[in-house]
Amino acid sequence: NHLVRCGHINKEGIVMKRVGLVRTLKGVIVFLAVMAAVYYGKLFPSRIREIGMEMPELSWLVTPGIIAISLSAVPIAIALALFWRICTEIGRDNSFCYQNARWLSGIGVCALVDTAYCAVGTVTLEIIAGSPIWLLGTVVCVAGLGIALAAFLLSHLVLKAADLKAENDLTI
């Protein structure tokens, strides 16, 4: 605030940078949602059907496989919606609020749920089909754990910043 009052920083420039950041982040969310729709709506089901044709002994797994992979999209969709809400708060210049901390925790929970679901699915495929997908499943699980860890850490930091902001607001 002191730098803005003294003319060292142009407040309109800060607002424009924030608006640009929010637009960029929301653009990334839209891109990820479109990619998820393509993968979950077209590519994953097509690949599962191909595997069913290539391996007739596993054809009975096609419909359950498509349903199972579709269910894994639910936590991803919820996490993207929560991230959208966080971006909206950032656009309102309300980055460090208790609600954002809760939403970041929600993203962490979604990542953990999807990671656990992926781990169960990977083990199940290994047992039922002897599928060599365990390496890919392990990579996805590690990435999911990393996302969960980052979300929980950011949630904690935003919560601490919100506490400081609330304390600071009381002293003014």
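What comes next concerns the included structure. The shown structure was predicted, so the numbers you read here are calculated from the model rather than taken from an experiment.

**Description of the environment of Ala-143**
Right, on to step 1. Mapped onto the elements, Ala-143 comes out in helix H6 (residues 134-171).
Right, on to step 2. What makes Ala-143 partly exposed here is its relative accessible area of 42%.
Right, on to step 3. With 28 residues separating them in the primary sequence, Ala-143 and Thr-115 have C-alpha atoms 8.4 Å apart.

**A look at the side chain of Thr-115**
Right, on to step 1. Relative to the elements of secondary structure, Thr-115 occurs in helix H5 (residues 98-129).
Right, on to step 2. Excluding its chain neighbours within four sequence positions, the residues that come into contact with Thr-115 are Cys-141, Gly-144 and Leu-145.

**Comments concerning the state of the cysteines**
Right, on to step 1. This structure, assessed with the given rule, holds 0 disulfides.
Right, on to step 2. Distance from the sulfur of Cys-110, which forms no disulfide, to the nearest cysteine sulfur (Cys-87) is 15 Å.
Right, on to step 3. The class for Cys-110 is buried, based on a relative accessible area of 11%.
Right, on to step 4. Cys-141 supplies the cysteine sulfur nearest to Cys-118, a cysteine that is in no disulfide, at a spacing of 3.8 Å.

Criteria and thresholds
- Residues numbered from 1 in each chain as written.
- Predicted model: local features only at pLDDT ≥ 70, side-chain atom pairs only at ≥ 80, totals over all residues.
- Heavy atoms only, no water.
- Helix = DSSP H or I, 4+ residues; strand = E, 2+ residues; numbered from the N terminus.
- Buried < 20%, exposed > 50% of the residue type's maximum accessible area, 1.4 Å probe, protein only.
- Contact = heavy atoms within 4.5 Å.
- Disulfide = S-S within 2.5 Å.

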